[in-house]
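Now for the letters of each chain:
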Amino acid sequence: MVKPSGLVKPVSVTQIAGRYLAHQEGLPKLPVPPLQQTCEYYLAALTPIVDPEELNHTRKLLEEFQKPGGVGERLQKGLEQRTKKMENWLSDWWLQTAYLDYRMPVVVHSSPGVVLPRMEFSDRQGQMRYAAKLIAGVLDFKSMIDNETLPVEYLGGKPLCMNQYYQVLSSCRIPGTKRDTVVNYTLVKRPPTHITVVHNFQFFVLDVYNSDGTPLTIDQIYIQLEKIWNSSLQTNKEPIGILTSNHRNSWGKAYNNLIKDKTNKESVRAIQKSIFTVCLDAPMPRVSDDMYRTCAGVQMLHGGGSRWNSGNRWFDKTLQFIIGEDGTCGLIYEHAPAEGPPIVVTSYLYRKKSEMVRTPMVPLRMPQNLRVSLLLLCSMAHDLDMKVSVFSHFGKDFPKSQKMSPDAFIQMALQLAYYRIYKRCCPTYESASLRMFRLGRTDTIRSTSIDSDKFVKAMDDPAKHNTEKVALLDKAVKAHRAYTDMAIRGQAIDRHLLGLKLQAIEDLAALPEIFMDTSYAVVLHFNLSTSQVPAKTNCVMCFGPVVPDGYGVCYNPMDTHINFAVSAFNSCQDTNAARLAQALEDALLDIKTLLEQTPKAKRSTAPYRPS
């Protein structure tokens, strides 16, 4: 249970003690899907992406795996027993395997960024004033968390797990030489009362509460930010924050050496314990309006390299708000504690009254002469190929007018765009929220299906009539919608298969053959890693690809336009972010034209039936 910190007053007289805990206990547990169902859908997911011979081999392995009294049944029973003993049979495993055991740098490879609407600052006072409002707004949000008065979110009339909101403040990832950990300081005896502010690669501790426990006003915060700015006019030649962008094993070793020094240890602990971090960035190089969003996306993901703002970060910190002198604003978050939607909601909040009072501010002395890892970050920054764009021809209004799910519509356009470039379908990951369940994180919506495969192959086939193409599109969209519903109800295949594999490892049994099969490696090689992160503000989230020859695609569908962020790696000759972004735009327009040219009377209204 998250207890009130005692630092802030209740935001509402209708506060209910223990509300968070009571809400959480009322949520259902994540189910374990039926074994046969998962095996059937696994074969269906493989059908469009592996050759018939490989598919046939996998079918035989699955038949063996499912035999009564066999290994599959034993592992399934193990998961069902685990469900009885734990709040969520998956959450601990997922945190470890997806994040804490992952040894690539968190920068680009794991941590998403969010580009917020550009601000117009006439001077640096504008930047400071905006930062002060943002800090005050997030402190308002923190008071709702401390007092357990955060409004519960619903999906389809069902309450969602709110746990992730309680993990993003006062938390930080701690590097290890083989495995990382996440520490949350909200529940310690004396919860932190400070944030960290970074300017010119220098880190400062800023106390954001008065001695009586009330939060600082906007004007108090503004005065403190001015002090920070004025005492850090020269750029720190040793951008210590860049260490956090390193390969996790290397950073783990450097970290252990770093904290042997008492001052270093205290400084690092102060950053880790802080409620959140605010990065006051120097302006990036001027670019055209067309290129601005892309450059802003890059700045949120990695800061532009050590020459620009990458030293102005502590990439292990869960939540870092970025406010550029040139009006570029957004945030980056370390992914282990939470998914995108709670982070985007957190970024809405900046409203406060103002009054002028001064409070003490303490600069942190950072360790010197640590010149490691600068080259690594530069190479990562150069390797990221990014395209952030606004598709302005229509938004979610058009798919809705066609009685189609906007998300499924966009995913089918993405399937078509990829197929047109590569003449094949690929494994596609779209994140599905499991927040209907206690401590739920995500599962995978597999956008590439037998039905999407038939549609993309028919779309540019001159021998196919428009009515047939539309019928195939309808079926593909409905298939995506049906799988999405399965996923959010805890019935998708990916986390179940992972659970069966981890159960075998935990039982110290031999790994079943289905997990050593070529098909299993292929199905998990997500050339398209995608996510819909809708927001009330005109923002877009961005993240890097999850495989060397893949793409990361995030989108925010607004009513009349769609914000897209597409990423790839320059080191892969076969991928190009701008090319996929253009192909996606063409696909969306071509599908719209197809629907408009096909009389609605001739289009199928029959319910979806799986192929």
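Residues numbered from 1 in each chain as written. Predicted model: local features only at pLDDT ≥ 70, side-chain atom pairs only at ≥ 80, totals over all residues. Heavy atoms only, no water.

A. Spotlight on the overall build of the protein. A count of helical and extended segments in the protein gives 19 helices and 18 strands. Within the protein, the fraction of its 611 residues that count as buried is 59%. Here the analysis covers contacts within the protein between residues at least 6 apart in sequence; of these, 76% occur between residues at least 24 apart. Summing over all exposed atoms, the protein offers an accessible surface of approximately 25,500 Å²; the carbon and sulfur share of this is 53%. (Helix = DSSP H or I, 4+ residues; strand = E, 2+ residues; numbered from the N terminus. Buried < 20%, exposed > 50% of the residue type's maximum accessible area, 1.4 Å probe, protein only. Contact = heavy atoms within 4.5 Å. Areas by Shrake-Rupley, 256 points an atom, 1.4 Å probe, with all protein chains shown as cover.)

B. Representation of the packing of aromatic side chains in the model. With the rule as written, the count across this model stands at 19 aromatic pairs. Ring centres of Trp 251 and Tyr 255 lie 5.5 Å apart, and the angle between their planes is 75 degrees; this geometry places the pair in the edge-to-face category. Of this pair, Trp 251 and Tyr 255 both sit in helix α8 (residues 248-258), separated by four residues, roughly a single helical turn. With respect to burial, Trp 251 and Tyr 255 carry one shared label: buried. Ring geometry for Phe 394 versus Phe 409: centroids 6.0 Å apart, planes at 80 degrees, classification edge-to-face. One end of the pair, Phe 394, is in the loop between β12 (384-391) and α13 (397-401); the other, Phe 409, is in helix α14 (residues 406-422), with 15 residues separating them in the sequence. The rings of Phe 203, Trp 251, Tyr 255 and Trp 314 are connected pair by pair, giving a single aromatic cluster. One cation-aromatic arrangement involves Arg 82 over Trp 93; the distance from NZ or CZ to the ring centre is 3.5 Å. (Phe/Tyr/Trp six-rings, centres within 6.5 Å; stacked < 30°, edge-to-face > 60°. Lys NZ or Arg CZ within 6 Å of the ring centre and 35° of its normal.)

C. Here's a closer look at the pattern of salt bridges. Following the criterion strictly, the structure yields 25 salt bridges and no others. Arg 129 is the partner of Asp 219 in a salt bridge, and the nearest nitrogen-oxygen pair spans 2.9 Å. Here Asp 219, found in helix α7 (residues 218-230), pairs with Arg 129, found in helix α6 (residues 124-146); they are 90 residues apart in sequence, far enough to count as distant. On the basis of relative accessible area, Asp 219 is assigned to the buried category, the value being 8%. Two residues, Arg 248 and Asp 316, come together in a salt bridge whose shortest N-O distance is 2.9 Å. You can see Arg 248 sitting in helix α8 and its partner Asp 316 sitting in the loop between α10 (289-302) and β9 (319-324), a full 68 residues away along the chain. Assigned by exposure class, Arg 248 and Asp 316 land together as buried. Through salt bridges with shared partners, a single ionic network connects Arg 103, Arg 173, Asp 180, Arg 248, Asp 316 and Glu 334. (Salt bridge = Lys/Arg side-chain N within 4 Å of Asp/Glu carboxyl O.)

D. Main features of the environment of Met 436. For Met 436, the location among the structural elements is in the loop between β13 (428-433) and β14 (442-446). Looking at Met 436, the relative accessible area reads 14%, which means it is buried. Those residues in contact with Met 436 that lie beyond four places of it in its chain are Leu 27, Pro 28, Leu 155, Lys 158, Pro 159, Leu 160 and Ile 488.

E. Local environment of the UniProt feature "binding site: (R)-carnitine" (unreviewed entry) in the protein. The sites that carry the UniProt feature "binding site: (R)-carnitine" (unreviewed entry) are, in the present numbering, Tyr 429, Ser 431 and Thr 442. The residue Tyr 429 is located in strand β13 in this model. As for its placement among the helices and strands, Thr 442 is situated in strand β14. Ignoring sequence-local partners within four residues, the contact set of Thr 442 consists of Trp 94, Glu 339, Tyr 429, Ser 431, Ala 432, Leu 434 and Arg 495. (UniProt positions renumbered as here; feature names shortened; annotations may be inferred.)

F. Up close: the pairing of β14. Counting buried positions over the five residues of β14 gives five, a clear majority of the element. Pairing of β13 with β14 involves five bridges; the strand directions are antiparallel. Residue Ser 433 lies in a different strand from β14, and its bridge partner there is Thr 442. (Pairing = 2+ DSSP bridges.)

G. Quick look at unusual backbone geometry. Even without being a glycine, Ser 170 presents a positive backbone phi close to 60 degrees. Note on placement: Ser 170 falls in the loop between β3 (158-159) and β4 (171-174). Ser 170 sits in the buried class, given a relative accessible area of 3%. Of note in the backbone geometry, Lys 403 takes a positive phi value of approximately 55 degrees without being a glycine. Among the secondary structure elements, Lys 403 is positioned in the loop between α13 and α14.

H. Highlighting empty space enclosed by the protein. Scanning the entire structure with this criterion turns up four cavities of 30 Å³ or more. For the largest cavity, the calculated volume is near 80 Å³. Along its surface, the largest cavity is lined by ten residues, and Lys 142, Asp 146, Leu 169, Ser 170 and Thr 186 are the ones closest to its centre. (1 Å grid on protein atoms, 1.4 Å probe; cavity = no way out; pocket = protein on both sides within 12 Å on 5 of 7 lines; lining within 4 Å. Points joined across faces, edges and corners; volume = space filled by probe spheres on them.)

I. Quick peek at the sheet that holds β13. As summarised here, the arrangement of the six strands in space is β12-β18-β17-β15-β13-β14, forming an open sheet in which the pairing is mixed. Strands at the two margins of the open sheet, each flanked by one partner only, are β12 and β14. Each adjacent strand pair in this sheet contributes to an overall mean axis angle of 25 degrees, direction not counted. (Axes fitted to C-alpha atoms, helices over the stretch in contact; angles between N-to-C directions.)

J. Region of the structure containing the environment of Asp 407. By the element assignment, Asp 407 lies in helix α14. Using a relative accessible area of 8% as the deciding quantity, one classes Asp 407 as buried. Distance from Asp 407 to Gln 532, taken between C-alpha atoms, is 7.2 Å for residues 125 residues apart in sequence. In this structure, Asp 407 is in contact with Glu 430, His 480, Gln 532 and Tyr 555, ignoring residues within four places of it in sequence.

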